[in-house]
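Letter by letter, the chains look like this.
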Amino acid sequence: RSIGDQPGLAQAQRCQALHHWRCGEGFSAIPLLEGALDHHEKSHDHHAQGSVLNILGCVHRDLAQRNRAEHCFERAVTIARSMELRSLESLVLNNLAELYRDCGHTDRCIRLYREALSIARDVGNPTSEAAALANLGDLFLSCNRIADSISHLNAAIRIADAPKPTIAATYKGMLAVC
């Protein structure tokens, strides 16, 4: 702080916030993330702003603060689109879809997952592609659309199996429920 390392301070706040969040202390994470966001806004680091807003949205979602979560995700999507940060856009759309799923907005959720999937494929991000496919598969399973669920989960497994076998194992476990 005394030497004026704003990006370093913002990174430290973000790391502390993630620690609090992972320990189930979401309310403690919020002011740290808001501080990091403030620093990133001052330094015009748009990618970091979008990333922090995405995390902040996830924290608010976990705390059942849906309006705040939606606001954070929408801001993150706006930044990602305006700066053409397509991988970040895909990630945030996946999280926004989860929020709408929590609220029972299935059609909107499917649209956002498919948009995230399309972007992930466009930019060649297999992790986000597999996540979107698995999320769609899980959603279709909950809607009793078994064939769609199996198709999407198998596609996620094919993508995730080589680079991320533990994630693929999770998807295989989801598929076993079908």
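As the structure is a computational prediction, the values presented were derived from the model and not from experiment. (Residues numbered from 1 in each chain as written. Predicted model: local features only at pLDDT ≥ 70, side-chain atom pairs only at ≥ 80, totals over all residues. Heavy atoms only, no water.)

### Overview of the overall build of the protein chain
So, step 1. Tallying secondary structure elements over the protein chain gives 9 helices and 0 strands in all.
So, step 2. Taking 16 Å as the expected radius of gyration for a compact globule of 178 residues, we find that the protein chain reaches 17 Å, a close match to that expectation.
So, step 3. Within the protein chain, contacts between residues separated by at least 24 positions form 50% of all contacts whose residues are at least 6 apart in sequence.
So, step 4. For the protein chain, the exposed surface amounts to about 9,000 Å²; the carbon and sulfur share of it is 51%. (Helix = DSSP H or I, 4+ residues; strand = E, 2+ residues; numbered from the N terminus. Rg over C-alpha atoms; globule rule 2.2 N^0.38 Å. Contact = heavy atoms within 4.5 Å. Areas by Shrake-Rupley, 256 points an atom, 1.4 Å probe, with all protein chains shown as cover.)

### Let's talk about the environment of Asp38
So, step 1. The topology assignment puts Asp38 in helix H2 (residues 26–42).
So, step 2. A C-alpha to C-alpha distance of 37 Å links Asp38 and Ile159, two positions 121 residues apart in sequence.

### Notes on the packing of helix H1 (residues 6–22) against helix H3 (residues 46–62)
Two numbers describe a pair of packed helices, the interaxial angle and the distance between the axes.
So, step 1. Where H1 meets H3, the axes come as close as 12 Å, and the angle between the chain directions of the two elements is 20 degrees. Here H3 runs roughly parallel to H1, going by the angle between their axes. The crossing of H1 and H3 is left-handed. From H1, Arg14, Leu18 and Trp21 reach across to H3, where they touch Ser51, Val52, Ile55, Cys58, Val59 and Asp62.
So, step 2. By residue class, the composition of the contact of H1 with H3 is 6 nonpolar, 1 polar and 2 charged. (Axes fitted to C-alpha atoms, helices over the stretch in contact; angles between N-to-C directions. Parallel < 35°, antiparallel > 145°, perpendicular 65-115°, else oblique. Left-handed = near helix turned anticlockwise from the far one by under 90°. Nonpolar A, V, L, I, M, F, W, Y, C, P; charged D, E, K, R; others polar.)

### Observations concerning unusual backbone geometry
So, step 1. One non-glycine residue with positive phi stands out, namely Glu84, at about 55 degrees.
So, step 2. For Glu84, the location among the structural elements is in the loop between helix H4 (66–82) and helix H5 (86–102).
So, step 3. The phi dihedral of Asn144 falls on the positive side, at around 65 degrees, and the residue is not glycine.
So, step 4. Assignment of secondary structure puts Asn144 in the loop between helix H7 (126–142) and helix H8 (146–160).

### Examining the confidence of the model for the protein chain
So, step 1. A residue-level look at the protein chain finds 97% of positions with pLDDT of 70 or above and a mean pLDDT of 92.
So, step 2. No element of the protein chain has a lower mean pLDDT than helix H9 (residues 165–177), at 78, and none a higher one than H4, at 98. (pLDDT = per-residue confidence, 0-100.)

### A few points about helix H6 (residues 106–123)
So, step 1. Taking 1.5 Å per residue, 18 residues should reach 26 Å; H6 reaches 26 Å between its end C-alpha atoms and fits that length.
So, step 2. Within H6 the residues assigned to the buried category are Cys109, Ile110, Leu112, Tyr113, Ala116, Leu117, Ile119 and Ala120.
So, step 3. Elements that come into contact with the buried residues of H6 comprise H5 and H7.
So, step 4. Of the residues one or two after H6, Gly124 is the one with positive phi, at around 70 degrees. (Expected span 1.5 Å × (residues − 1). Buried < 20%, exposed > 50% of the residue type's maximum accessible area, 1.4 Å probe, protein only.)

### Digging into H7
So, step 1. In this model, H7 (17 residues) spans 24 Å end to end at C-alpha, consistent with the 24 Å of a helix rising 1.5 Å per residue.
So, step 2. Where H7 is concerned, the buried positions are Ser128, Glu129, Ala130, Ala132, Leu133, Ala134, Leu136, Gly137, Leu139 and Phe140.
So, step 3. As for H7, its buried residues are in contact with H5, H6, H8 and H9.
So, step 4. Positive backbone phi, approximately 65 degrees, marks Asn144, located one or two places after H7.

### Thoughts on the side chain of Ser90
So, step 1. Residue placement: Ser90 occurs in helix H5.
So, step 2. At a separation of 2.9 Å, a polar atom in the side chain of Ser90 contacts the main-chain carbonyl oxygen of Ala116.
So, step 3. Not counting residues up to four positions away in its chain, the partners in contact with Ser90 are Ala116, Ile119, Ala120 and Ser128. (Polar contact = N/O pair within 3.5 Å; in protein donor to acceptor, adjacent residues only side chain to side chain.)

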